[in-house]
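What follows is the residue order along each chain.
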Amino acid sequence: MGSPIKDSNSQVVFLKHRLNAFMDLLEAIDPEETDLDDIDRMIEIVEEMDAKCREFKNREI
């Protein structure tokens with residue numbers, strides 16, 4: 001695992017990359033062929049991003 005991101009600019013860049021990756025995933029999914037596992041994985045990704053936001057918010061800089 002990498003070292004913690006402490007710089008606020010790096011935190012924002014990290015979150016932007018994760019959000020862009022998530023948006024790419026959403027665009028690539030075919031609504032007609034998406035199953036419950038795909039939706040569960042997307043929910044997990046959103047929850048991971050939320051947890052990371054909370055972590056960054058609570059981390060002292």
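Before any of the text, the structure's been laid out above.
Note that this is a predicted model, so its numbers are computed, not measured. (Residues numbered from 1 in each chain as written. Predicted model: local features only at pLDDT ≥ 70, side-chain atom pairs only at ≥ 80, totals over all residues. Heavy atoms only, no water.)

Visitor: How should I be thinking about the pattern of salt bridges in this particular structure?
Guide: Applying the stated criterion to the full structure yields 5 salt bridges. The closest approach of N and O atoms between lysine 52 and glutamate 55, which form a salt bridge, is 3.4 Å. Of this pair, lysine 52 and glutamate 55 both sit in helix α2 (residues 36–58), 3 residues apart, roughly one helical turn. Its relative accessible area of 25% is what places lysine 52 among the partly exposed residues. By relative accessible area, which is 33% here, glutamate 55 ends up partly exposed. (Salt bridge = Lys/Arg side-chain N within 4 Å of Asp/Glu carboxyl O. Helix = DSSP H or I, 4+ residues; strand = E, 2+ residues; numbered from the N terminus. Buried < 20%, exposed > 50% of the residue type's maximum accessible area, 1.4 Å probe, protein only.)

Visitor: Please explain the environment of alanine 28 as it appears in this structure.
Guide: Take alanine 28: it is sitting in helix α1 (residues 8–28). C-alpha separation for the pair alanine 28 and asparagine 9, spaced 19 residues apart in sequence, amounts to 29 Å.

Visitor: Sorry, what's going on with α2 here?
Guide: For an α-helix, the turn length of 3.6 residues means that residues three or four places apart are oriented alike. Between the first and last C-alpha of α2 there are 33 Å, a value that for 23 residues agrees with the 33 Å anticipated at 1.5 Å per step. Within α2, the full set of buried residues consists of Met42, Ile45, Met49 and Phe56. Buried residues in α2 make contact with α1. (Expected span 1.5 Å × (residues − 1). Contact = heavy atoms within 4.5 Å.)

Visitor: Help me understand a negative patch on the surface, please; the structure alone is not making it clear to me.
Guide: Taken together, the side chains of Asp35, Asp37, Asp38 and Asp40 make up a negatively charged region of the molecular surface. Of note, aspartate 35 is situated in the loop between α1 and α2. The exposure class of aspartate 35 is partly exposed, given its relative accessible area of 37%. (Patch = residues over 30% accessible without salt bridge, like charges linked within 9 Å, V, L, I, M, F, W, Y side chains within 5 Å. Areas by Shrake-Rupley, 256 points an atom, 1.4 Å probe, with all protein chains shown as cover. Lys, Arg positive; Asp, Glu negative; His and termini not counted. Charge placed at Lys NZ, Arg CZ, Asp CG, Glu CD.)

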